[in-house]
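Here's the letter readout for the chains.
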Amino acid sequence: MDWYKQNFDSIFQKLNVDSNQGLSQDEVNKRLKEYGYNQLKEEKKDTLLQKIFYQLSNILVIILIISSVISFFVGEVVDSIIIISIVIANAILGVVQEGKAEKSLEALKKMSSPNGRVLRDGEIVEVPADTLVPGDVAMLETGDIVPADIRLINTFNLKIDESSLTGESVPAEKNSNTTFSKDTPLGDRKNMAYTSTIVTYGRGKGIVVETGESAEIGKIATTIQDYEEEATPLQTNLNQLGKYLGIGCLIISTLIFLIGYLQGRNILDIFMIAVSLAVAAIPEGLPAIVTIVLALGMNSMVKRNAIVKKLLAVETLGSTTAVCSDKTGTLTQNEMTVVKAYTDNKLFDITGKGYGIEGDFLLNNNKVNLENEGNLNLLLKGATLCNDAILNYSDGEEYTIVGDPTEGSLLSLSEKGGFIKDDLNKKYPRIKEIPFDSDRKLMTTFHNNLLEGKIVSFTKGAPDIILEKANKIYLKGEVIEFTDEIKKKVLDINKSFSQDALRVLAFAYKTYEELPKNISSESIENNFVFLGLVGMIDPPREEAKDSIKLCHKAGIKTIMITGDYKETAFAIAKDLDMANNPNEVMTGQELNNLSDDELKEKVELFSVYARVSPEHKVRIVDALKENGEVVAMTGDGVNDSPALRKADIGVSMGITGTDVAKNTAEVILTDDNFSSIVSAVEEGRTIYSNIKKSIFFLLSCNIGEIFIIFSSILLNIDIPLLPIQLLWLNLITDSFPALALGVEKGEEGIMSNPPRNPEEPVLDKAMALAILIQSTALALGVLLAFKWGLKTYGLTDLRKARTIAFTTLVLSELFRAYSSRSLKHSVFKLGIFSNKPLVYSTLFSFLLLLLVVYVPILQPLFKTFPLAFKDWSIILMYSIIPLIVGEIYKVLAHI
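No experiment lies behind these values; they were computed from the predicted model shown. (Residues numbered from 1 in each chain as written. Predicted model: local features only at pLDDT ≥ 70, side-chain atom pairs only at ≥ 80, totals over all residues. Heavy atoms only, no water.)

### Notes on unusual backbone geometry
- Here lysine 441, not a glycine, exhibits a phi torsion of approximately 60°, which is positive.
- Of note, lysine 441 is situated in the loop between β16 (430-437) and β17 (442-450).
- Here lysine 441 falls in the partly exposed class, since its relative accessible area comes to 41%.
- With phi around 55°, arginine 611 is a residue other than glycine that occupies positive phi space.
- In this fold, arginine 611 is placed in the loop between β25 (608-610) and α24 (614-626). (Helix = DSSP H or I, 4+ residues; strand = E, 2+ residues; numbered from the N terminus. Buried < 20%, exposed > 50% of the residue type's maximum accessible area, 1.4 Å probe, protein only.)

### Quick look at the side chain of serine 712
- Within the secondary structure layout, serine 712 lies in helix α27 (residues 674-714).
- We classify serine 712 as buried; its relative accessible area is 0%.
- Beyond its immediate sequence surroundings of up to four residues, serine 712 is in contact with Arg265, Ile717, Asp718, Ile719 and Pro720. (Contact = heavy atoms within 4.5 Å.)

### Thoughts on the packing of helix α14 (residues 374-385) against helix α15 (residues 405-416)
- With their axes 9 Å apart at the nearest point, α14 and α15 run at an angle of 140° to one another. Classed by the angle they form, the pair α14 and α15 counts as oblique. For α14 against α15, the interelement crossing comes out left-handed. Contacts between α14 and α15 involve Leu380, Ala383 and Thr384 from the former and Leu410, Leu411, Leu413 and Ser414 from the latter. (Axes fitted to C-alpha atoms, helices over the stretch in contact; angles between N-to-C directions. Parallel < 35°, antiparallel > 145°, perpendicular 65-115°, else oblique. Left-handed = near helix turned anticlockwise from the far one by under 90°.)

### Considerations on a nonpolar patch on the surface
- Taken together, the side chains of Tyr244, Ile247, Ile251 and Leu255 define a hydrophobic patch exposed on the protein surface, amounting to about 400 Å² of accessible area.
- Residue position: leucine 255 is located in helix α9 (residues 233-262).
- The exposure class of leucine 255 is partly exposed, given its relative accessible area of 38%. (Patch = residues over 30% accessible without salt bridge, like charges linked within 9 Å, V, L, I, M, F, W, Y side chains within 5 Å. Areas by Shrake-Rupley, 256 points an atom, 1.4 Å probe, with all protein chains shown as cover. Salt bridge = Lys/Arg side-chain N within 4 Å of Asp/Glu carboxyl O.)

### So, helix α36 (residues 881-893)
- Taking 1.5 Å as the rise per residue, α36 with 13 residues should run 18 Å; its terminal C-alpha atoms sit 18 Å apart, in good agreement.
- Taken as a whole, α36 has its buried residues at Pro882, Leu883, Gly886, Glu887, Tyr889 and Lys890. One side of α36 carries all its buried residues, which in axial view fall inside an arc of 160°. Projecting away from the buried face of α36 at angles above 90 degrees are the exposed residues Val891 and Leu892.
- The secondary structure elements touched by the buried residues of α36 are α30 (765-793), α31 (798-819), α32 (827-830) and α35 (869-879). (Expected span 1.5 Å × (residues − 1). Arc of directions from axis to C-beta.)

### Some points on the pattern of salt bridges
- One pass over the structure, following the stated rule, counts 28 salt bridges.
- Across the salt bridge formed by lysine 5 and aspartate 183, the nearest N and O atoms sit 2.6 Å from each other. Placement of the pair is lysine 5 in the segment before α1 (8-15) and aspartate 183 in the loop between β5 (172-173) and β6 (192-193), with a sequence separation of 178 residues.
- By relative accessible area, which is 26% here, lysine 5 ends up partly exposed.
- Given a relative accessible area of 57%, aspartate 183 falls into the exposed group.
- Of the charged contacts, one joins aspartate 144 and arginine 117 as a salt bridge, the two residues approaching to 2.8 Å between their closest N and O atoms.

### Details of the layout of surface pockets
- Here the second largest pocket defines a volume of roughly 1,100 Å³.
- Elements with a contribution of two residues or more to the lining of the second largest pocket: β5, α15, β18 (454-461), α17 (463-469), α18 (484-499), β21 (503-512), β22 (528-537) and α21 (566-575).
- By residue number, the principal contributor to the lining of the second largest pocket is β21, which donates three residues.
- Grouping the amino acids of the lining of the second largest pocket by side-chain chemistry returns 16 nonpolar, seven polar and 18 charged. (1 Å grid on protein atoms, 1.4 Å probe; cavity = no way out; pocket = protein on both sides within 12 Å on 5 of 7 lines; lining within 4 Å. Points joined across faces, edges and corners; volume = space filled by probe spheres on them. Nonpolar A, V, L, I, M, F, W, Y, C, P; charged D, E, K, R; others polar.)

### Points about the side chain of lysine 205
- Its location among the elements puts lysine 205 in strand β7 (residues 198-210).
- Summary of buried charges: lysine 205 has no salt-bridge partner, and the nearest side chain of opposite charge, aspartate 18, is 7.6 Å away.
- If near-sequence neighbours (up to four positions away) are discounted, lysine 205 is found in contact with Ser19, Asn20, Val137, Ala138, Met139, Leu152, Ile153 and Asn154. (Lys, Arg positive; Asp, Glu negative; His and termini not counted.)

### A closer look at the environment of leucine 591
- Within the secondary structure, leucine 591 sits in helix α22 (residues 588-592).
- Leucine 591 sits 19 residues away from alanine 610 along the chain, and the two C-alpha atoms are 9.8 Å apart.

### Considerations on the packing of aromatic side chains
- One pass over the structure, following the stated rule, counts nine aromatic pairs.
- Judged by centre distance (5.7 Å) and plane angle (40°), the rings of phenylalanine 446 and tyrosine 512 are tilted. Of this pair, phenylalanine 446 sits in strand β17 while tyrosine 512 is found in strand β21, placing the two residues 66 residues apart along the sequence.
- In this structure, lysine 159 packs its charged tip against the face of tyrosine 201, placed 5.6 Å from the ring centre. (Phe/Tyr/Trp six-rings, centres within 6.5 Å; stacked < 30°, edge-to-face > 60°. Lys NZ or Arg CZ within 6 Å of the ring centre and 35° of its normal.)

### Looking at the sheet that holds strand β24 (residues 585-587)
- What the eight strands build is an open sheet, ordered β8-β28-β27-β26-β9-β23-β25-β24; its pairing is mixed. Unpaired on one side and paired on the other, β8 (306-308) and β24 mark the two borders of the sheet. For this sheet, the mean angle separating the axes of adjacent strands, direction not counted, is 20°.
- Bridge count for β8 against strand β28 (residues 667-669) is three bridges, and the pairing is antiparallel. Across the sheet, the residue bridging to valine 308 is valine 667, located in β28. (Pairing = 2+ DSSP bridges.)

### As for α21
- Among the residues making up α21, those that are buried are Ala569, Phe570, Ala571, Ile572 and Ala573.
- For α21, the secondary structure elements touched by its buried residues are α13 (327-331), β22, β23 (557-561), β24 and β25.
- Just past α21, the residue aspartate 577 takes up positive phi, approximately 65°.

### Remarks on the nonpolar core
- Counting residues in each nonpolar core, the largest one holds 88 residues, and the members touching the most others are Phe530 and Leu533.
- It is α27 that provides the largest number of residues to this core, a total of 14 residues.
- Judged by nonpolar contacts, the second largest core, of 37 residues, contains Ile270, Ile708, Leu726 and Tyr878. (Core = buried A, V, L, I, M, F, W, Y, C linked by side-chain atoms within 4.5 Å.)

### Description of the pairing of β22
- Burial analysis of β22 places 10 of its 10 residues in the buried class, which makes it a mostly covered element.
- Alignment of strand β10 (residues 337-343) against β22, held across five bridges, turns out to be antiparallel. Considered in β22, the bridge of tyrosine 342 is made with leucine 533.
- Both strand β19 (residues 470-475) and β22 contribute to a ladder of three bridges, which runs parallel. Within β22, the residue paired with lysine 472 across the bridge is valine 529.
- The pairing of β21 with β22 spans seven bridges and is antiparallel. What sits directly across from phenylalanine 507, in β22, is glycine 532.

### Here's the deal with the packing of α30 against α36
- Contact geometry of α30 with α36 gives a least axis separation of 8 Å together with a crossing angle of 150°. One finds that α30 runs roughly antiparallel with respect to α36. At the point where α30 passes α36, the crossing takes the right-handed sense. Of the residues in α36, those in contact with Ala766, Leu769, Ala770, Ile773, Gln774, Ala777, Leu778 and Gly781 of α30 are Ile881, Pro882, Val885, Gly886 and Tyr889.
- Across the contact of α30 with α36, the residue classes tally to 10 nonpolar, three polar and no charged.

### So, the pairing of strand β2 (residues 123-128)
- As paired strands, strand β1 (residues 115-120) and β2 are joined by six bridges and run antiparallel to one another. Each bridged residue has a counterpart across the sheet, and for asparagine 115 the counterpart in β2 is proline 128.
- The turn joining β1 and β2, which pair antiparallel and follow one another in sequence, is formed by two residues; a positive phi near 55° is taken by aspartate 121.

### Considerations on the environment of leucine 531
- If you trace the backbone, leucine 531 turns up in strand β22.
- Judged by relative accessible area, which is 1%, leucine 531 ranks as buried.
- In this structure, the C-alpha to C-alpha distance between leucine 531 and leucine 475, residues 56 residues apart in sequence, is 8.3 Å.
- When neighbours within four sequence positions are excluded, leucine 531 is seen to be in contact with Tyr342, Thr343, Asn375, Leu378, Leu379, Phe458, Tyr474, Phe507, Ala508 and Tyr509.

Listed below in structure tokens is the structure:
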């Protein structure tokens, strides 16, 4: 129900409650049975078996399992065990690294207030928040976490920080007497307080209207649950590749078996060759290599301030085409900061970050000597004394504020000018006050010993009200008449501040010989002496602008989605070079008027979405995805969680981010820095590129092996390689170089390229042609070496010729690994020894080759023969062929 549209009588009647007595305990018990506890249901988690099954559902892995079973039943038990061991190790690594259990709802529970103060049986009692029911009369005070969705019935200067729910950086002022007849965005509902938001000022009383999953935060939790995970581009590509490889292997293996059978070869031998070839053709190490490369990528990203919770999210980052970013705390510092001040007919610019006290006052870009600025000093004193916030600092930590962020920014401003609140309060103690009221929009405090020892009242508030009530102005150290001409200039300054999306406060004062007896708004807050204006904003992060520029260079769209007002959002976006025209901004109300199809057509036209709700964020992400974009969504609040879950990749802030956002997202930025997203994207692109190199290397080697066997069958000659040799080659010798390729450094200019099309297969036409050429060269070199072995040693002992062929194949593939380091750059340009893991892995693989060739105990198992020096000279000559062909092809392909 739209409770914000209901008047008091309607609410009391519908919820059957007396606001002066509250509910009885018996009635509470009845309603607990009807509505349930004020808590969120947990999403059912996957069991360990389900997580393992998920890891094994890849088509490549399934084919490997089938190959392992076949190998076992034909007597190749060792081979079967090795294959299945790789599959199991891959599954375990995936489960451990990803930790599939979702913790979003647990975090939402933690954010709920553990207790709430309610009126029951006419008395105020404190009860666990999960026992609140619709109809409870709740009390709110400064510092409270709102325990349920509440329709306010009394408010006293009540302000609530709703940034985690709405994304708006400034606490919302509440007014219980306001009612709405039309649909109103969440951030504008002044008569409502919502679960998990924080009371920053004042107090209030209200009726609990929604609890648990019916509350706004509960709706978000339900939305998160309803979204199913979608396959990442890499998952889709690998599954597609596995399907094609499986079909191709089945066809070729069947052909080899049939041709061999028709040629009269031994059925068991030809069957084993067919099975071995099937295993050889499938890069069985690929699933493990991809998993390990992604895991190593996760570790690399930690060094770049990004924690990746799911392996495949590493690669998804690399294919990102659009980054949707929350404004508050992500693109901005989430710290209100005074950036301009106007007094004594002078416009000052103020430098410095957030709530920090380091900064300068500039006049016409020149640093100001504050000793000569009496008006400015008085303004700073007023901003400090007429203030209820506290500015805290702990060694080694950032400055923080207790109280209203707007007042906190004024304390930061004053300390930049050398005025410390505690010192001023001791020197000019507050003796009376008229607290801030959202109807008056003013706050007044009285102080002793100011301005020649007189009592002074400082008033701060909305500029239009103070300007209307001021009849004098403090200029050049004197109080003069506030003429229409002077007032017009001040109004123009106020207008320019507002056009820059600054939140503007005005300051005024009055002096008294003695404290007035009648202190009320009516008697005091008029006939002011106008003192000046200050303009503040939640400033953009300095590094965000460069990061956004790099995103644009990389072909990645940047989009701001915020709960703030249109003017504020556009000002920040313009400052960050995200938007240049107000027409690039769409509001939530305008978005409501569009159907999903209309939004899909128009979504690419806008760079900024302002005053939006969580549902709007999801619709924007959906529309972008419908247009083929791979969307990364960043955020830190509860309100961002549904969009984080819906996006292809959710990115949460690690410092300011709520637990809900962190546990919903796949990536957490440990420094809350937008630039870390760009670093993560770059790392993701590098990882995908390296996975392609590993696939390129493995497939060119494996298909070369197919060509060797298939050619020998078609030519009706002895087969150069035995099943055990093929399995050893693919399970051990290929794996280490392929893994080393997975840690290759990113190629130069990787962020200057546009994002890859997620529909583009891993094995594209250019790569397929390169694989065909390389495989042919590899097969040719091995067959020529085998032919030389047959000619030299004769047909009586095939072991020698097969050992030569086997050794040539191993060396060819090791040389091929170096050529695979780049699909376009020469290995000599990259530097032969610049990838040290590859050097070590190829040396290790070569050592394994020497073991099976020269160790007597292994020779019978692998059917090998110790090679002579002259054999090695021939082997080296033929094994270098694929490397030479590969390098020549790169030159010709990129002329």
